[in-house]
Protein chains: 2
Amino acid sequence: MRGNVAKKLQEPKSASSPTSRSYRIEEQVGYLLRRAHQRASAIFQVGIGDPNITPTQYSSMVKLNEYTELSQNLLGRLVGMDKATMQGVVRRLKERGLVDSRPDPGDARRTLLSLTTEGQRLVNKLLINGPAVSRETMKPLTAQEQRHLLELLSKIV
Amino acid sequence: MRGNVAKKLQEPKSASSPTSRSYRIEEQVGYLLRRAHQRASAIFQVGIGDPNITPTQYSSMVKLNEYTELSQNLLGRLVGMDKATMQGVVRRLKERGLVDSRPDPGDARRTLLSLTTEGQRLVNKLLINGPAVSRETMKPLTAQEQRHLLELLSKIV
DNA sequence: CCCATATCGTTCGTGTACGTACGATGGCCA
DNA sequence: TGGCCATCGTACGTACACGAACGATATGGG
């Protein structure tokens, strides 16, 4: 045993508390979603093929690869990101030369985003690893459980 | 008719790419976990009973309420948070007078954390709302699906 | 045609999340 | 017992996440 920290743990003192009858934080859906998301992000980071690309950057690039050109706001809606969050994601992608932008000729409020040639090249390379990342994330589950999990998550998004 | 610019969405151009046959970002487990976690956090924020308490702060306080006194590092392991993340969470809880700390008399590296009286009062109030938050998050699912989701998430954490 | 209202993108503030580096301390063993 | 290595907490940098406020622009109704 290497660490052996905190050899004697205090005993949980609840179980007798009147307000917390069998409420365990580890069994709450919000807690489990946070932990599962943490693990999925960690697997993504090592498996997607470029440690500098984050899950949200990847999602954005994949969508831009599908649609060619999108306004920042619409892209945010398609990938489920707040416009304030989107702003930072897009700024970093532009700084790295993966995304380009031009004013929308028909609406001066909008900016149209698109992948650069380098962005296209990169996302097509990363897309090869995408399935393996998903597979690794759901490795502890059987094929049926994997399908079921995706179905259940789709319902609560 | 109205301006009509930017009203027509470009058609997704993939589906012919050899590397991305039927890979949809919306069906990937990492993407769904991110979206589901977003929604769970939003529900928590309005339902837990104090808009200034975040999910991670809540988890930390619940654990401190169970164990009375814990080192910062051990608390982080119990609630699944990096020590660097834990540092910020604890600092904010201390600034609000919800958590107190003292040096561990047996190990000068450690700090022992505990809830203040106000922290105990608050967490016991919030714990009343905890079950309702979880229920609301899983509302789109049947009772059986809810059990199944928790089980599947537990396996991939 | 003009104004109320909505949308778009930006900025600021707060908070989670984690890698890395750091200094202090503790445990182990040669 | 002295040195090596692990652990603890902190600090810094980067990135997601979102509410709120803001200015510019667009749209629809009176």
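Residues numbered from 1 in each chain as written. Chains lettered and ligands numbered in written order. Predicted model: local features only at pLDDT ≥ 70, side-chain atom pairs only at ≥ 80, totals over all residues. Heavy atoms only, no water.

(A) Summary view of the overall build of chain A. Helices and strands together make up the secondary structure of chain A, namely six helices and three strands. Going from the N terminus to the C terminus, chain A shows its helices and strands as α-α-β-α-α-β-β-α-α. Scored against the burial criterion, the 157 residues of chain A give a buried share of 43%. Sequence-distant contacts, at least 24 apart, represent 52% of the contacts inside chain A between residues at least 6 apart. In the form shown here, chain A has an accessible surface area of approximately 8700 Å², with 50% of it arising from carbon and sulfur atoms. (Helix = DSSP H or I, 4+ residues; strand = E, 2+ residues; numbered from the N terminus. Buried < 20%, exposed > 50% of the residue type's maximum accessible area, 1.4 Å probe, protein only. Contact = heavy atoms within 4.5 Å. Areas by Shrake-Rupley, 256 points an atom, 1.4 Å probe, with all protein chains shown as cover.)

(B) Spatial organisation of the relation of the copies chain A and chain B. Overlay of chain A on chain B (RMSD 0.0 Å): rotation 180°, translation along the axis 0.0 Å. Considering both components of the superposition, the chain copies are consistent with a two-fold axis. Of all interface residues in chain A, 96% are interface residues in chain B too; the two copies therefore contact each other through one and the same surface. (Least-squares fit on C-alpha atoms with pLDDT ≥ 70 in both.)

(C) Representation of the protein's contact with DNA strand C within the structure. Taken together, 25 residues lie around DNA strand C, and Asn73 of chain A together with Thr54, Thr56, Arg92 and Arg96 of chain B are the ones closest in. In DNA strand C, atoms within 4 Å of the protein come from the sugar-phosphate backbone in 75% of cases. At 2.3 Å, a side-chain N or O of Arg96 of chain B approaches a phosphate oxygen of DNA strand C. Elements with a minimum of two residues in the surface near DNA strand C: α1 (29-47), α3 (72-79) and α4 (83-95) of chain A together with α2 (55-67) and α4 (83-95) of chain B. Partitioning the surface near DNA strand C into residue classes produces five nonpolar, 10 polar and 10 charged. (Near = heavy atom within 4 Å. Polar contact = N/O pair within 3.5 Å; in protein donor to acceptor, adjacent residues only side chain to side chain. Nonpolar A, V, L, I, M, F, W, Y, C, P; charged D, E, K, R; others polar.)

(D) Broad picture of the side chain of Asp104 of chain B. Residue and element names in this part refer to chain B. Along the chain, the position of Asp104 falls in the loop between β2 (99-103) and β3 (111-115). Despite its burial, Asp104 remains without a salt bridge, the nearest opposite charge being carried by Arg110 at 4.4 Å. Those residues within four positions of Asp104 in sequence are excluded, and the remaining contacts are Arg110, Thr111 and Leu112. (Lys, Arg positive; Asp, Glu negative; His and termini not counted. Salt bridge = Lys/Arg side-chain N within 4 Å of Asp/Glu carboxyl O.)

(E) Just the protein's contact with DNA strand D, in detail. Within the structure, DNA strand D sits among 27 residues, and Thr54, Arg92, Arg96 and Ala108 of chain A together with Asn73 of chain B are positioned closest to it. Taking the atoms of DNA strand D that fall within 4 Å of the protein, sugar and phosphate contribute 79% of them. Within the contact set of DNA strand D, a phosphate oxygen lies 3.5 Å away from a side-chain nitrogen or oxygen of Arg34 of chain B. For DNA strand D, a base oxygen lies 3.1 Å from a polar atom in the side chain of Arg109 of chain B. Only α2 (55-67) and α4 of chain A together with α1 (29-47), α3 (72-79) and α4 of chain B provide two or more residues apiece to the surface near DNA strand D. At four residues, α4 of chain A tops the list of elements feeding residues into the surface near DNA strand D. Here the surface near DNA strand D is built from residues that sort into six nonpolar, 10 polar and 11 charged.

(F) Looking closely at the packing of α1 of chain A against α1 of chain B. Relative orientation of the contacting elements α1 of chain A and α1 of chain B amounts to 145°, with a least axis distance of 9 Å. Crossing angle aside, the handedness with which α1 of chain A passes α1 of chain B is left-handed. In contact with Gly30, Leu33, Arg34, Ala36, His37 and Ala40 of chain A of α1 of chain A, α1 of chain B contributes Gly30, Leu33, Arg34, Ala36, His37 and Ala40 of chain B. The residue makeup of the contact of α1 of chain A with α1 of chain B, split by class, is six nonpolar, four polar and two charged. (Axes fitted to C-alpha atoms, helices over the stretch in contact; angles between N-to-C directions. Left-handed = near helix turned anticlockwise from the far one by under 90°.)

(G) Quick peek at the interface of chain A and chain B. Contact with chain A, which involves 67 residues of that partner, is made by 65 residues of chain B. When chain A packs against chain B, the two sides together hide about 6200 Å² of surface, and 65% of this comes from carbon and sulfur. The interface formed by chain A and chain B includes four salt bridges. One salt bridge in this structure joins Glu26 of chain A and Lys63 of chain B, with 2.6 Å as the shortest N-O distance. Only α1, α2, α3, α5 (117-137) and α6 (143-156) of chain A provide two or more residues apiece to the side of chain A that touches chain B. The leading source of residues in the side of chain A that touches chain B is α1 of chain A, at 12 residues. (Buried area = accessible area lost by both parts, 1.4 Å probe.)

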